[in-house]
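Chain residues, written in single-letter form:
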Amino acid sequence: MFRHLANACVCTLIVISSQHAIATENPDPWENVNRKIFAFNKNADTYVLKPIARGYRAATPDIVDNSITRFFDNLQQPLVIINNGLQGKGQQAASDTGRFLVNTITSLGFADVASHMGLVKHEEDFGQTFGKWGASSGAYVMLPFLGPSSVRDALAKPLDMLVNPRNLLDDAPLNMALAGLQVVDTRADLIPIEKIIEGDEYLFLRDIYLQRREFLVQDGKVKDSFMDDMDDESNEAAQ
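These numbers come from a predicted model, not from an experiment. (Residues numbered from 1 in each chain as written. Predicted model: local features only at pLDDT ≥ 70, side-chain atom pairs only at ≥ 80, totals over all residues. Heavy atoms only, no water.)

A. The nonpolar core, seen in detail. Judged by nonpolar contacts, A53, Y56, I68, F71, F72, L75, L178, V184, A188 and I191 together constitute the single largest core of ten residues. Listing elements by their share of this core, those giving two or more residues are α2 (31-59), α3 (62-75) and α9 (172-190). It is α3 that provides the largest number of residues to this core, a total of four residues. If you look at the next biggest cluster of nonpolar residues, it comprises seven residues, including L79, F126, F130 and L159. (Core = buried A, V, L, I, M, F, W, Y, C linked by side-chain atoms within 4.5 Å. Buried < 20%, exposed > 50% of the residue type's maximum accessible area, 1.4 Å probe, protein only. Helix = DSSP H or I, 4+ residues; strand = E, 2+ residues; numbered from the N terminus.)

In structure tokens:
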């Protein structure tokens with residue numbers, strides 16, 4: 001499996017490298033097409049996903065909702081661990097391995113026991129790894145159903161999905177049900193912060209995405225105003 005994963009990484013980097021020539025002065029050369037896909041995604045969200053997410057949010061107690069979110073966060077840990085290793089972040093890899101083992105053993109990931117033990121949560125994926133290895137993000141691209149991305153991140157997504165422990169399930173319907181629940185849970189968690197969106201929603205989300213990804217690739221060495229806004233929203237909600 002890991003040999004195939006390594007080969008996939010190399011092939012993806014070759015394709016990404018071919019995108020390096022795209023001018024960084026214009027990160028969105030396909031804006032016309034992207035806006036059409038964004039409109040499609042917006043309608044799908046407005047008439048299908050958001051109503052389901054609202055119902056889920058209304059019917060699910062906060063303690064259950066938070067536990068489900070932590071469960072899916074825990075399933076992301078193998079992806080984080082692998083990419084820590086690929087980026088040479090040994091200390092982070094050890095910490096995230098500890099997080100995954102502790103949270104899985106103690107609660108199947110529904111509780112974040114590891115944080116109380118000082119094991120800090122990190123966020124890494126193959127798109128960030130390719131960025132660390134010097135691959136340009138390429139043009140901004142809006143993916144049907146999946147939303148904002150870039151050429152680099154879009155090509156990395158299959159690798160991200162490949163290492164999800166959910167794929168070890170032999171029960172395809174259960175796997176799909178869990179994937180659907182994760183989408184709904186994630187969408188429900190975004191509802192409270194929608195009010196920070198101002199002006200042209202397409203441009204707002206594009207700029208936020210590109211800024212956020214640069215922040216992650218650079219390990220926080222650039223300012224991430226979106227996360228600052230999210231923290232402010234969280235603090236207001238807690239008061």
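B. Up close: a nonpolar patch on the surface. The grouping of F40, F145 and L146 at the surface amounts to a nonpolar patch, some 370 Å² of accessible area in total. Note that F145 resides in the loop between β1 (140-143) and β2 (147-150). A residue is classified by how much of its surface remains accessible, and F145, at 65% relative accessible area, is exposed. (Patch = residues over 30% accessible without salt bridge, like charges linked within 9 Å, V, L, I, M, F, W, Y side chains within 5 Å. Areas by Shrake-Rupley, 256 points an atom, 1.4 Å probe, with all protein chains shown as cover. Salt bridge = Lys/Arg side-chain N within 4 Å of Asp/Glu carboxyl O.)

C. Structural context of the packing of aromatic side chains. As enumerated under the stated definition, the model contains eight aromatic pairs in all. Seen in terms of ring centroids, F71 and F110 are 4.8 Å apart; in terms of plane orientation they differ by 15°. Their pairing is stacked. Highlighted residues: F71 in helix α3 and F110 in the loop between α5 (90-107) and α6 (113-116), separated in sequence by 39 residues. Here F71 falls in the buried class, since its relative accessible area comes to 17%. An aromatic cluster is built from F38, Y140, Y202 and Y209, whose rings are joined through pairwise contacts. (Phe/Tyr/Trp six-rings, centres within 6.5 Å; stacked < 30°, edge-to-face > 60°.)

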